[in-house]
Amino acid sequence: MKTVSENIKNIKMIVKSMRNAVEGIEIVAISKTFGADLVFEALKCGITDIGESKIQEALPKFEALGDSLKGIKKHFIGHLQSNKAKKAVENFDLIQSLDSLGLAKEINRHSYNIGKKQNCLIEVKVSKEISKTGIAQQDIDGFYKECLNFPNILISGLMLIPPANEDIEAARPYFKEGFNVFNSLKSSFKNENFKVLSMGMSADFKIALEEGSNMIRIGSAIFGDRQYANQ
Ligand SMILES: *Cc1c(COP(=O)(O)O)cnc(C)c1O
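Remember, predicted model here, so these are calculated numbers, not experimental data. Residue positions are given per chain, counted from 1 along the sequence in the order it is written. Predicted model: local features are reported for residues with pLDDT of at least 70 only, side-chain atom pairs are reported and counted for 80 or more only, and whole-chain, interface and lining totals are derived from all residues. Calculated side-chain values reflect all of the structure's heavy atoms, with hydrogen atoms and water omitted.

(A) Seen up close, the overall build of the protein chain. Counting its regular elements, the protein chain contains 9 helices and 9 strands. Our radius of gyration is a C-alpha quantity, and the globule rule it is checked against amounts to 2.2 Å times the number of residues to the power 0.38. Over its C-alpha trace the protein chain gives a radius of gyration of 17 Å, about what one expects of a compact globule, namely 17 Å for 231 residues. Each principal axis of the C-alpha atoms in the protein chain carries an extent, and together these give about 45 × 40 × 35 Å. What makes two residues a contact is simply this: any of their non-hydrogen atoms within 4.5 Å. Long-range pairs, those at least 24 residues apart, make up 64% of the contacts in the protein chain between residues at least 6 apart in sequence. Every helix listed is a DSSP run of H or I at least four residues long, and every strand listed is a run of E at least two residues long, numbered separately from the N terminus.

Structure, rendered in structure tokens:
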């Protein structure tokens, strides 16, 4: 088994080799289900961004990591329930999964209360799957416009999760579509803060980068296979 350090080196090498496609690609190490010790190792290897998908799992881990998280950007990537918005606002630099107006209202309210402007990505749904979370592609302009009315939210881009498929090439059309939606919002609203396109995970990040992603969310390719406690 490869070590976290070797894995990170390898991913950085791949990203670097593709730099001609996109400038300034951010790697977010997704540490859900992995312990603070492994996160600490990743930070030692120069990882500057970490992502978690559950508040109740993230907070004790952040506490265990203490000062080693100084200057590290924390991303929330899971589905966020409105009643957990307060904790998310208090503990995360970027909420990648903004997917409803109700959630935006709660994020805005709690951010206002602590004098923060919360960075968020809108989760866009380009698939027709009913089960998928995210704002449907055809509603994204309207949703973005509504978000501009929340003074304590800063929308800095989009996040996309393609439908699960064993064939990684199946994700490509979704990434293409995500890139189109991203560019169309950029040119309609001309907002300089709108610049992040978060797409691509361990299996498909190369394809996502080829299709214009500038932020990849990598879990298992850095930390190894995930073991879920209830499986
Ligand atoms: C778990 C997760 C990832 C990382 O998945 P890997 O396949 O382990 O890289 C990325 N994004 C989201 C939204 C996730 O939930």
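We are not done yet, so read on.
(B) Structural view of the packing of helix H6 (residues 140-147) against helix H7 (residues 172-189). For the pair H6 and H7, the least separation of the axes is 11 Å and the interaxial angle reads 50°. One way to sum up the angle between H6 and H7 is to call them oblique. The element H6 and its partner H7 pack so that their crossing is right-handed. Between H6 and H7, the contacting residues are Ile140, Asp141, Tyr144 and Lys145 on the first element and Val181, Ser184, Leu185, Ser188 and Phe189 on the second. By residue class, the composition of the contact of H6 with H7 is 5 nonpolar, 2 polar and 2 charged. Between N-to-C directions, angles span 0 to 180 degrees; the directions come from axes that are lines fitted to C-alpha atoms, helices contributing only their stretch in contact. For classification purposes, an angle smaller than 35 degrees is called roughly parallel, one larger than 145 roughly antiparallel, one from 65 to 115 roughly perpendicular, and anything else oblique. Each crossing gets its hand from how the near helix is turned against the far one by less than a right angle, where anticlockwise is left-handed and clockwise is right-handed. Three residue categories are used. Nonpolar comprises Ala, Val, Leu, Ile, Met, Phe, Trp, Tyr, Cys and Pro, charged comprises Asp, Glu, Lys and Arg, and polar comprises the others, including Gly.

(C) Region of interest: the packing of helix H2 (residues 36-44) against helix H3 (residues 55-65). Contact geometry for H2 and H3: axes closest at 10 Å, N-to-C directions at 55°. In this view, H2 runs oblique relative to H3, as classed from their interaxial angle. Crossing of H2 against H3: the hand is right-handed. Across from Ala36, Val39 and Phe40 in H2, the residues of H3 making contact are Lys61, Ala64 and Leu65.

(D) Highlighting the pairing of strand E1 (residues 26-30). Note on exposure labels: buried denotes an accessible area under 20% of the residue type's maximum, exposed denotes more than 50%, and partly exposed covers the range between, all computed with a 1.4 Å probe on protein chains only. Of all the 5 residues making up E1, 4 are buried; the element is thus mostly covered by neighbouring parts of the structure. Pairing of E1 with strand E9 (residues 215-218), which is carried by 4 bridges, proceeds in the parallel orientation. By the bridge assignment, Ala29 is partnered in E9 with Ile218. In this description, strands pair whenever DSSP reports at least two bridges between them. Bridge count between E1 and strand E2 (residues 49-52): 2 bridges; the pairing is parallel.

(E) Structural detail: the pattern of salt bridges. Salt bridge, as used here: a side-chain nitrogen of Lys or Arg that lies within 4 Å of a carboxyl oxygen of Asp or Glu. In total, this model carries 9 salt bridges according to the counting rule given. Connected via shared salt-bridge partners are Glu169, Arg172, Lys176, Glu210 and Glu211.

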